[in-house]
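Observations on the three-dimensional arrangement
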Amino acid sequence: MWLKRTAIYALSIILSGAFFGFLITDGFFILGVLLPAPVKVFLLSSLVFLSALHELRFLKLKIPQWRWQIPGSWVSQRDGMDMVVWGVILGAGIFTYIPHVSFYILYLFLGFFLNPLYGALLGALYGFSRMLPSLILGIVPYMTKHNRNLDIALSRTVAYLSRGLNFVVLAITFFYLIFQL
């Protein structure tokens with residue numbers, strides 16, 4: 001049963017990420033058609049630089065997001081539909097808390113400079129990455145015999161790793177924009 005529910009969750013979060021990734025990137029693509037390339041490079045480079053300072057905690061930015069969580073009553077079914085609801089909402093990325101600004105930066109980059117279909121690929125990757133912490137934090141209690149202290153330590157480690165990886169993505173994007181465009 002656990003494997004079935006996990007597979008349903010994985011499929012729904014990845015497909016939702018792909019669908020919404022395409023929609024978001026397509027919106028930025030339409031906006032990008034109206035702007036000349038130098039303006040797009042300047043705008044995106046500035047946002048990436050400020051976002052990197054935010055990730056390093058030198059600057060505090062307000063990241064556009066809804067601080068909404070899925071109500072427990074929505075995911076209390078046992079037929080697998082709860083996993084579909086959870087996956088679709090989390091995979092979309094726009095309905096709940098977004099921990100890092102690279103979510104928007106990468107979609108903006110793809111929409112401005114590449115084919116919006118790449119947004120579907122990035123969205124699927126986002127959905128997969130959003131699934132990993134849930135999967136890891138769901139498996140660890142069984143492996144550690146429900147050691148709550150280890151769960152909290154692992155949760156903090158995942159958060160630090162996530163922030164560091166987000167900074168790396170922003171740095172790579174910034175240097176690519178500066179040296180390639």
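Above this note sits the structure.
Only a predicted model underlies this, so the values are computations on that prediction, with no experimental measurement involved. (Residues numbered from 1 in each chain as written. Predicted model: local features only at pLDDT ≥ 70, side-chain atom pairs only at ≥ 80, totals over all residues. Heavy atoms only, no water.)

We now examine the overall build of the protein chain. Within the protein chain one finds six helices and zero strands. Written out in order from the N terminus, the α and β elements of the protein chain read α-α-α-α-α-α. Across the 181 residues that make up the protein chain, the buried fraction comes to 36%. Approximately 11000 Å² of the protein chain is accessible, and the part contributed by carbon and sulfur atoms is 74%. (Helix = DSSP H or I, 4+ residues; strand = E, 2+ residues; numbered from the N terminus. Buried < 20%, exposed > 50% of the residue type's maximum accessible area, 1.4 Å probe, protein only. Areas by Shrake-Rupley, 256 points an atom, 1.4 Å probe, with all protein chains shown as cover.)

This paragraph deals with the nonpolar core. Within the largest apolar cluster, 18 residues are counted, with the highest numbers of intra-cluster contacts made by Leu-44, Val-48, Phe-103, Ile-105, Tyr-107 and Leu-170. Among the elements that line this core, the one with the most residues is helix H4 (residues 102-113), at seven residues. In contact with Val-48, not counting residues within four places along its chain, are Ile-105, Leu-170, Thr-173, Phe-174 and Leu-177. Ranked by size, the runner-up nonpolar core spans eight residues in total, among them Tyr-9, Ala-10, Met-83 and Leu-90. (Core = buried A, V, L, I, M, F, W, Y, C linked by side-chain atoms within 4.5 Å. Contact = heavy atoms within 4.5 Å.)

Even without being glycine, Arg-57 reaches a positive phi, approximately 65°. Note that Arg-57 resides in the loop between helix H2 (37-55) and helix H3 (81-92). Residue classification places Arg-57 among the exposed residues on the basis of a relative accessible area of 60%.

Moving on, we come to the packing of aromatic side chains. Considering all chains together, one arrives at nine aromatic pairs under this definition. Here Tyr-9 and Trp-86 contribute two aromatic rings whose centre-to-centre distance is 4.7 Å and whose plane-to-plane angle is 20°, an arrangement assigned as stacked. Taken as a pair, Tyr-9 in helix H1 (residues 2-33) and Trp-86 in helix H3 lie far apart in primary sequence, 77 residues in all. Judged by its relative accessible area of 4%, Tyr-9 falls in the buried class. Relative accessible area serves as the criterion here: at 28%, Trp-86 is assigned to the partly exposed category. Their ring planes at 90° and their centres at 5.0 Å tell us that Phe-103 and Tyr-107 sit as a pair that is edge-to-face. Of the two residues, Phe-103 and Tyr-107 both sit in helix H4, four residues apart, roughly one turn of that helix. (Phe/Tyr/Trp six-rings, centres within 6.5 Å; stacked < 30°, edge-to-face > 60°.)

Tracing the sequence through the fold places Lys-40 in helix H2. The buried charged residue Lys-40 lacks any salt bridge partner; its closest oppositely charged side chain belongs to Asp-26, at an N-O distance of 13 Å. (Lys, Arg positive; Asp, Glu negative; His and termini not counted. Salt bridge = Lys/Arg side-chain N within 4 Å of Asp/Glu carboxyl O.)

Where H1 contacts H4, the axes come no closer than 7 Å and their chain directions differ by 55°. In terms of orientation, H1 lies oblique with respect to H4. In terms of crossing hand, the pair formed by H1 and H4 is right-handed. Counting all contacts with H1, which are made through Gly-17, Gly-21, Ile-24, Thr-25, Phe-28, Phe-29, Leu-31 and Gly-32, the residues of H4 involved are Phe-103, Tyr-104, Tyr-107, Leu-108, Leu-110, Gly-111 and Phe-112. Residue composition of the contact of H1 with H4, grouped by class: 10 nonpolar, five polar and no charged. (Axes fitted to C-alpha atoms, helices over the stretch in contact; angles between N-to-C directions. Parallel < 35°, antiparallel > 145°, perpendicular 65-115°, else oblique. Left-handed = near helix turned anticlockwise from the far one by under 90°. Nonpolar A, V, L, I, M, F, W, Y, C, P; charged D, E, K, R; others polar.)

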